[in-house]
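Summary of structural features
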Amino acid sequence: MHNRIAHIALVVKDYDEAIHFYTQKLDFVLLEDTKIDEFKRWVVVAPTGAKECGLLLAKAANEEQLKSVGNQAGGRVGFFLFTDDFRRDYDKLTNHGVTFVRPPKEEPYGVVAVFQDLYGNLWDLLEPSKKNKGVIG
């Protein structure tokens, strides 16, 4: 048996502004954008080359869901973007106007910096150390 996490839902205010951020600022690929009804779409984005998991951009449908936009992980880093070249991707994201809230830092597990998405959710940009590539990457 082979199980995997296919998608992680990310609650957003607007489909198109979220698609723009993820595809233009983070260079993700738009994998699917299917209209379900007049209010709902099935929108999936993922980093180029991702094979296991994508983000399902889910537009907030009510006030309760709207409260979670930008706070999906309760103020903690909730998303982790791994890279094979930290400096290249850090520079690229910075040039694309992505806001880093914690500068690059060497940690025992790799090089990491924290950025926020268009709504304020926190992400790690992380290049695992060579000894941790198979463990956390």
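Keep in mind the model is a prediction, meaning the values are calculated, not measured.

**What to know about helix 3 (residues 86–95)**
Of the positions making up helix 3, those classed as buried are Phe86, Asp89, Tyr90 and Leu93. Seen from one end, helix 3 has its buried residues packed into an arc of 100 degrees, which puts them on one side. Buried residues along helix 3 sit in contact with helix 1 (15–25), strand 6 (99–107), strand 7 (110–116) and strand 8 (122–128). Phi for Gly97, located one or two positions after helix 3, is positive at around 85 degrees.

**Points about the sheet that holds strand 3 (residues 41–47)**
Strand order in the open sheet formed by four strands is 1-4-3-2, and the pairing between neighbours is mixed. If you trace the sheet from one side to the other, it starts and ends with strand 1 (7–12) and strand 2 (28–35), each paired once. Across the sheet, the mean angle from the axis of one strand to that of its neighbour is 25 degrees, orientation sign disregarded. Note: strand 1 against strand 4 (residues 54–59), six bridges, orientation parallel. Paired with Val12 across the two strands is Lys59, which belongs to strand 4.

**Here's the deal with the packing of aromatic side chains**
In this structure the tally under the stated criterion is nine aromatic pairs. Between the aromatic rings of Phe28 and Trp123, the centroid separation amounts to 6.2 Å while the plane-to-plane angle is 75 degrees, which identifies the pairing as edge-to-face. Of the two residues, Phe28 is situated in strand 2 and Trp123 in strand 8; the sequence distance between them amounts to 95 residues. Comparing Phe28 with Trp123 shows no difference in burial state: the two are buried. Here the aromatic rings of Tyr90 and Phe100 are separated by 4.5 Å at their centres, their planes lie at 55 degrees, and the arrangement is tilted. Remark: Phe100 occurs in strand 6 and Tyr90 occurs in helix 3; sequence separation between them is ten residues. Exposure class is identical for Tyr90 and Phe100. Each is buried. One aromatic cluster is present, formed by Phe21, Tyr22, Phe28, Phe79, Phe86, Tyr90, Phe100, Phe115 and Trp123 through successive ring pairs.

**Focus on the pattern of salt bridges**
For the coordinates displayed, the defined rule picks out nine salt bridges. As a salt-bridge pair, Arg88 and Asp84 come within 2.7 Å of each other at their nearest N and O atoms. In this structure Arg88 comes out as partly exposed when scored by relative accessible area, which is 43%. In this structure, Arg88 and Asp89 form a salt bridge, with 3.0 Å as the shortest nitrogen-oxygen distance. Here the salt bridges do not stand alone but share partners, grouping Asp27, Asp84, Arg88, Asp89 and Lys92 into one network.

**So, the UniProt feature "domain: VOC" (unreviewed entry) in the chain**
Residues annotated by UniProt as "domain: VOC" (unreviewed entry) correspond here to residues 4–128. Taken as a whole, residues 4–128 contains 22% helix and 45% strand, while its terminal C-alpha atoms sit 21 Å from one another.

**Things to note about the side chain of Ser129**
Structurally, Ser129 is set in the loop between strand 8 and helix 4 (133–136). At 3.5 Å, the side chain of Ser129 forms a polar contact with the backbone oxygen of Pro108. Contact partners of Ser129, with chain neighbours within four places excluded, come to Pro108, Tyr109 and Gly110.

About the cut-offs
- Numbering of residues begins from 1 in every chain and follows the order in which that chain's sequence is written.
- The model is predicted, so local features are restricted to residues of pLDDT at least 70 and side-chain atom pairs to those at 80 or more, both for listing and for counting; the totals for chains, interfaces and linings are taken over all residues.
- In computing side-chain properties, one takes all heavy atoms of the structure into account and sets aside hydrogens as well as water.
- Each residue's exposure class comes from its accessible area (1.4 Å probe, protein chains only) as a fraction of the maximum for that residue type: buried when under 20%, exposed when over 50%, partly exposed otherwise.
- By definition, any uninterrupted DSSP run of H or I lasting at least four residues is a helix, any uninterrupted run of E lasting at least two residues is a strand, and each is numbered from the N terminus.
- Here the arc refers to the set of directions running from the helix axis out to each C-beta atom.
- Here a residue-residue contact requires only that any non-hydrogen atoms of the pair lie within 4.5 Å.
- We treat two strands as partners when DSSP finds at least two bridges between them.
- Each axis is a line fitted through C-alpha atoms, taken for helices only over the stretch in contact, and angles between the N-to-C directions span 0 to 180 degrees.
- Centres within 6.5 Å make a pair out of two Phe, Tyr or Trp rings, where for Trp the six-membered ring is used; the pair is then stacked when the planes are under 30 degrees apart, edge-to-face when over 60, and tilted otherwise.
- By definition here, a salt bridge exists when the distance from a side-chain nitrogen of Lys or Arg to a carboxyl oxygen of Asp or Glu is within 4 Å.
- UniProt positions are given in the numbering used here, feature names are shortened, and annotations may be inferred rather than shown by experiment.
- The term polar contact refers here to a pair of N or O atoms within 3.5 Å; inside protein, the definition further demands a hydrogen-donor-capable atom paired with an acceptor-capable atom, and it admits residues adjacent in sequence only when both atoms are side-chain atoms.

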